[in-house]
Structure formats: structure tokens, C-alpha cells
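Residues per chain, in single letters:
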Amino acid sequence: MDHLPPVSDIAFTPTVKQLQARNGSRDAYAKMESGTGWHDTITPQLAEFISRQNSFYLATVNAEGQPYIQHRGGPRGFLKRLDDRTLGMADYRGNRQFISQGNLLECRKAFIFLMDYANRRRIKIWGEAWLIEGDEALLRTVMPEGYAAAPERVLLFKVSAWDPNCPQHIPRKIDADQVDAMLAERDREIAGLKAEVERLRKGAA
């Protein structure tokens, strides 16, 4: 019976494995490959992580192999799980360069990089992506409710593999909305303490 290659072979090419062997990490990755290895489906844990993100980077490549990375942002959860292999989002009106769109017409291979600075976590996702125009029902499904943007089409991403990379060297940063929430909670606690102090003061008097 033939054995399927490990999912991580999408990134661990023969050349990469040679470099791992030369630098002493191949045995550890071979052990990983023989165990649970990388996933090729959207697990509940990955779906939950994605639902909390308001930003990611999309990498594409043109027919000549020239790479391009574009930032995508929106309200938390704007990148949605559609099934156990597919992510989708509304593609908003932008700067009209159409580089990512042109690249995807030449080559569907794409890569998503999600970074959670607050919790020092990052997820790398390999797959294929394409754009769909004219499907209003699908566009309504992926469009964040109440978000002030002009959606033009839908970006779909079929997951081939993903890896929850290590937290080394990730600086801890917190988004403004998270800071606002923490400050609001602090203010509520201060107000509660002040009220309690005033109650005790009046009781003592």
C-alpha cells in the first residue's frame, strides 16, 4: 500500500530537507511528520483563531515567479470559515492596482500569514486562492455586517496545509480596540472602588 507524502511536504521540499539535515533539525521534523504532522483541514482551534483576527497578509505569485504580499484587514472575523477546507472574505474596493487579482489569474497558489501580536501567536496557511464576481448570495455570506466598505467580489482560499509557528521574536503589541476595552474595564473598577470608599467614609461618619 502506497503512503501519502506528509502534508508538510508542501513546504519541506527535498532541498529544504537537505538543509534541515545539514543543520540538525531534520530528525525532529521527521518525527513530527510520522506523528500528527501538519493539518490540511480547518480545525475548530484554527477557526476560532481566525475568527478573532482583524488583519492578515496574503501572498501571491505571478507567472514569472515574482512574489507579492498584500495586507488585508477588516472587523474581527472578516475572514470566514466556509467549510473544513475553505476560507472566504469580501474583496473590498482598494487602490485599483489589481496585483493580487492579476497574480491569481496566472497562478492560484497563495499563502496566508496571520499574526496575533497580543498573544504572540502566528499561523501560516498554504493553499490556492481565486476570486468570484457576480455571486451576490456568496458576497452577502462573507460581508461583515455593518462594515463601511464597498465589496466588489469574493476571495476564496482552499487550505492545503497550515502550521502554528513558534512565538520566538514576536514583539507584543495590542490593538487600539483591545487597549480601549482594557482602559474601560480599569475605569469601571476605579469607579467601583471610589464608590466603596465613599460608602465606607459615610458609614464611619
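Here the residue index of a chain counts from 1 through its sequence in written order. Local features are withheld for residues below a pLDDT of 70 in this predicted model, meaning they are given only at 70 or higher, and side-chain atom pairs are given and counted only at 80 or more; totals for whole chains, interfaces and linings count all residues. Derived side-chain values reflect all non-hydrogen atoms in the structure, with water molecules and hydrogen atoms excluded from consideration.

Things to note about the packing of aromatic side chains
Any two rings among Phe, Tyr and Trp, with Trp reduced to its six-membered ring, count as a pair given centres within 6.5 Å; such a pair is stacked if its planes are under 30 degrees apart, edge-to-face if over 60, and tilted if neither. Scanning the model with the defined rule gives six aromatic pairs in all. Judged by centre distance (5.4 Å) and plane angle (55 degrees), the rings of Y92 and Y147 are tilted. Placement of Y92 in strand β4 (residues 86-92) and of Y147 in the loop between α5 (136-142) and β7 (151-163) is noted, with a sequence separation of 55 residues between them. Classification of Y92 as buried rests on a relative accessible area of 15%. In textbook terms, an aromatic cluster arises when at least three aromatic residues are bridged by ring pairs, as seen for F12, Y29, W38, F111 and W126. Looking at K173, its charged tip hangs above the ring of Y117, at a distance of 5.1 Å from the centre. A helix here means a DSSP run of H or I that spans at least four residues, while a strand means a run of E at least two residues long, and both kinds are numbered starting from the N terminus. The buried label goes to any residue with under 20% of its type's maximum accessible area, the exposed label to any with over 50%, and the partly exposed label to all in between, with areas taken from a 1.4 Å probe on protein chains only. Lysine and arginine charges are scored as sitting over a ring when NZ or CZ, respectively, is within 6 Å of the ring centre and within 35 degrees of the ring normal.

Considerations on the sheet that holds strand β5 (residues 109-116)
Paired strands are those between which DSSP finds at least two bridges. Across the sheet, seven strands lie side by side as β2-β1-β5-β6-β7-β4-β3; this open sheet has antiparallel pairing. Lying at the two open borders of the sheet, with one neighbouring strand each, are β2 (67-73) and β3 (80-83). When the angles between neighbouring strand axes are averaged without regard to direction, this sheet yields 35 degrees. Note on definitions: a residue-residue contact is assigned when non-hydrogen atoms from the two residues lie within 4.5 Å. Orientation is described by axes fitted as lines to C-alpha atoms, over the contacting stretch for helices, and by angles from 0 to 180 degrees between their N-to-C directions. Packing of helix α3 (residues 44-51) onto the sheet brings it into contact with β3, β4, β5, β6 (121-132) and β7, and relative to β6 it is tilted by some 85 degrees. Relative to the sheet, helix α4 (residues 99-106) contacts β1 (55-61), β2, β5, β6 and β7, its axis offset from that of β2 by approximately 125 degrees.

A look at the pattern of salt bridges
In the sections that follow, a salt bridge refers to a side-chain nitrogen of Lys or Arg positioned within 4 Å of a carboxyl oxygen of Asp or Glu. Going through the model one piece at a time under the given rule, you end up with 17 salt bridges. Among the salt bridges present, the one from R153 reaches E152, with a minimum N-O distance of 3.3 Å. Among the residues examined, E152 registers a relative accessible area of 22% and is labelled partly exposed. One salt bridge connects R186 with D187, and the closest N-O pair in it is separated by 2.9 Å. Residues participating in the shared-partner salt-bridge network are R72, D91, R93, R96, E133, E152 and R153.

Remarks on the pairing of β6
Of the pairings in the sheet, the one linking β5 to β6 comprises eight bridges and is antiparallel in character. Looking at β6, one finds that D116 is bridged to R121.

Notes on the nonpolar core
Within the largest apolar cluster, 31 residues are counted, with the highest numbers of intra-cluster contacts made by F56, L79, L87, I112, L114, I125 and F157. Among the secondary structure elements, those contributing two or more residues to this core are α3, β1, β4, β5, β6, α5 and β7. Discounting residues that sit within four places of it in the chain, L114 has contacts with F49, I50, Q53, S55, F56, L79, R121, R122, I123 and I125. Residues belong to a common nonpolar core when they are buried Ala, Val, Leu, Ile, Met, Phe, Trp, Tyr or Cys residues joined through side-chain atoms within 4.5 Å. Of all hydrophobic cores here, the second largest spans seven residues; its members include A11, W38, A59 and W126.

Structural notes on the environment of V159
Within the element layout of this structure, V159 appears in strand β7. V159 gets classed as buried once you look at its relative accessible area, which sits at 0%. In sequence terms V159 and D84 are 75 residues apart; their C-alpha atoms lie 8.6 Å from each other. Contacts of V159, omitting those with residues within four sequence positions, involve D40, I42, R85, L87, I125 and W126.

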